[in-house]
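# Observations on the three-dimensional arrangement
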Amino acid sequence: MSRIALVTGANRGLGLALVRQLLARGDRVIAACRQPGRASALNALAGEYPGRLHVLPLDVAEPRSRAELVRELPLVLGEGGDEAAPRIDLLVNNAGVLHSGERFGHLEQGQLEDSLRVNALGPFLLVQALAPWLADGARIANLSSVMGSIGSRGEFRSPGYCVGKAAQNMFTVQLAHALAPRGIVVLALHPGWVRTDMGGASAEVAPDDAAAGVLAVVDAASVAQSGQFLDWRGQPLPW
Ligand code: NAP
């Protein structure tokens, strides 16, 4: 039976590359994004893979939007969402935001809060809301960043993003503990410096290579590795 994956921020960048690869390997994919009506690449893929790609609206930072996604899941998972219905085997918390141009002396509370909501609070609360829909033994990939590594920061740069990812790393560890009784593996994953809107044109890694690396690391991870902070090649990173 095909596996079921849910990817957030699936309309562009790394999220879209992940959706493409999950579909190509035979998974059923729930692709969540803020504006499905404008997600032309996803809507084209839905035509290529009939019945295997479901595009649902989700703003990870909004409590109502997260609740609405959870309400819609039974329709997508089928069989009325009863106990025998399939569950999600892989959740990729990919949606993230980096507000560029943060300068010391000019930081504002609203933008810092947005970084925390999108990069840390939203993904954590989404996992909590989706927990009943996760299969025992499922995998959760929290897309983190070396910029969230407190031990390796050597400059003042993008503090909102760095703090958001550092907080998300702690949520990864917390979730690993909370979900361990169900054999669910939770990882914080740095995808490399990737050529997307966020990473920019001179970034080192192609989105397809980063997506393939992330999926390989998630697939290979053991239960004992749950709660670790790894890069897209499976190398441990300092917290
Ligand atoms: P990207 O090109 O900027 O794409 C970001 C994605 O997140 C978009 O789909 C965006 O949707 C979505 N998003 C932003 N805010 C959202 C919200 N409130 N609710 C739902 N979706 C939201 O970024 P990327 O490079 O693909 O990055 C993917 C992940 O990898 C992020 O978590 C990022 O922090 C992490 N990462 C990237 C790099 C890199 O070099 N690129 C390095 C380390 C980590 P809209 O189109 O609606 O804005």
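Residues numbered from 1 in each chain as written. Predicted model: local features only at pLDDT ≥ 70, side-chain atom pairs only at ≥ 80, totals over all residues. Heavy atoms only, no water.

With that settled, consider the layout of surface pockets. Considering only enclosed or pocket space, the largest pocket measures out at about 1,200 Å³ in volume. If you go around the largest pocket, you meet 44 residues; those closest to its centre are Gly96, Val97, Leu98, Thr196 and Met198. Looking at the lining of the largest pocket, the elements that each hand over two or more residues are helix 1 (13-24), helix 4 (109-130) and helix 5 (159-179). Considering every element that reaches the lining of the largest pocket, the biggest residue donor is helix 1, with three residues. Looking at side-chain class alone, the lining of the largest pocket contains 18 nonpolar, 17 polar and nine charged residues. (1 Å grid on protein atoms, 1.4 Å probe; cavity = no way out; pocket = protein on both sides within 12 Å on 5 of 7 lines; lining within 4 Å. Points joined across faces, edges and corners; volume = space filled by probe spheres on them. Helix = DSSP H or I, 4+ residues; strand = E, 2+ residues; numbered from the N terminus. Nonpolar A, V, L, I, M, F, W, Y, C, P; charged D, E, K, R; others polar.)

The strand order across the open sheet built from seven strands is 3-2-1-4-5-6-7, with neighbouring strands paired in parallel fashion. Where the open sheet ends on each side, the last strands, each with one partner, are strand 3 (53-57) and strand 7 (229-231). Averaged over all pairs of adjacent strands, the angle between their axes in this sheet comes to 20 degrees, without regard to strand direction. One ladder, built from three bridges, connects strand 6 (residues 185-190) with strand 7; its direction is parallel. Each residue of the ladder has a partner; that of Leu189, found in strand 7, is Leu230. (Pairing = 2+ DSSP bridges. Axes fitted to C-alpha atoms, helices over the stretch in contact; angles between N-to-C directions.)

A few words on the pairing of strand 1 (residues 4-8). Regular strands show a simple pattern: their side chains alternate between the two faces of the sheet. Extensive coverage of strand 1 is indicated by the burial of five of its five residues. Every second residue of strand 1 is oriented toward a common face, with Ile4, Leu6 and Thr8 on one face and Ala5 and Val7 on the other, all of them buried. As paired strands, strand 1 and strand 2 (residues 28-33) are joined by five bridges and run parallel to one another. Within the sheet, the bridge partner assigned to Thr8 lies in strand 2 and is Ala32. Remark: the strand 1/helix 1/strand 2 crossover connection has right-handed handedness. One ladder, built from three bridges, connects strand 1 with strand 4 (residues 88-93); its direction is parallel. Residue pairing for strand 4: Val7 is matched across the bridge by Val92. (Buried < 20%, exposed > 50% of the residue type's maximum accessible area, 1.4 Å probe, protein only. Right-handed = clockwise from strand over helix to strand, strands pointing away.)

A grouping of Phe104, Leu107, Leu112 and Phe156 is seen on the molecular surface, where their side chains present a nonpolar patch of about 410 Å² in accessible area. Along the chain, Phe104 falls in the loop between strand 4 and helix 4. The class of Phe104 is exposed, set by a relative accessible area of 70%. (Patch = residues over 30% accessible without salt bridge, like charges linked within 9 Å, V, L, I, M, F, W, Y side chains within 5 Å. Areas by Shrake-Rupley, 256 points an atom, 1.4 Å probe, with all protein chains shown as cover. Salt bridge = Lys/Arg side-chain N within 4 Å of Asp/Glu carboxyl O.)

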